[in-house]
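The chain contents come next:
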Amino acid sequence: MEGAPTPILTDDQAALQRANQRIKTLEGEVEALKKPKAKKPAVSNPSKHVVKRKQKAPKLAQTYEVTAYTNGPESTGKSAGDPDYGVTASGARTKTGHTIACPPSMAFGTRLNIEGIGVRTCEDRGGAITEGHIDLYVAGVAEAQVFGRQRLKAEIITK
């Protein structure tokens, strides 16, 4: 059924879809935390092997204006028959629970942990995406409308 329009979701269905995506994200994060970390080899004489480590700068969360977008013409101007439909500015395909559009100051591949949403990856740009704005990819128009415009904190976790 290629080219078939995505069914419109009710508000309750969209909320349930977001909740299920959040649960999957959290389950993945829990599994990652359960994995044992590699132990460092013991050093016979620690005074000979003193290594000074750089202090990591504390991660600061910033508040962003967060909206949602879809692959459709209402967000991208592209229709399902367009060869670039669903292709981000970085060349990757949009993925629910993964893709965000970020301002040009953020490099593609930058990962952000967005309050109440989870970790997403900067793979797209957009004409309306300016500093302090993030656009979250979602599958359907109804879900994007339900999401609306929110002010959320986000922390860059990798660049």
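What you see is a predicted model; the values in this text were computed from it and never measured. (Residues numbered from 1 in each chain as written. Predicted model: local features only at pLDDT ≥ 70, side-chain atom pairs only at ≥ 80, totals over all residues. Heavy atoms only, no water.)

J.: Can you help me understand the side chain of threonine 94 in this one?
T.: In this fold, threonine 94 is placed in the loop between α2 (73-76) and β2 (99-101). A relative accessible area of 14% means that threonine 94 is categorised as buried. A distance of 3.0 Å separates polar atoms of two side chains, one belonging to threonine 94 and the other to asparagine 71. (Helix = DSSP H or I, 4+ residues; strand = E, 2+ residues; numbered from the N terminus. Buried < 20%, exposed > 50% of the residue type's maximum accessible area, 1.4 Å probe, protein only. Polar contact = N/O pair within 3.5 Å; in protein donor to acceptor, adjacent residues only side chain to side chain.)

J.: Mind showing me how you'd approach the sheet that holds strand β3 (residues 111-114) here?
T.: What links the strands of a sheet is backbone hydrogen bonding, and the strands pair in either a parallel or an antiparallel sense. Overall, mixed pairing links the six strands, which are arranged β1-β5-β2-β4-β3-β6 in a closed barrel. Across this sheet, the average inter-strand angle for adjacent strands is 50°, counted without regard to direction. Bridging between strand β1 (residues 62-69) and strand β5 (residues 133-137) involves five bridges; their strand directions are parallel. In the strand pairing of β5, threonine 67 is matched with aspartate 135. (Pairing = 2+ DSSP bridges. Axes fitted to C-alpha atoms, helices over the stretch in contact; angles between N-to-C directions.)

These values are about where atoms sit, not about what they do.
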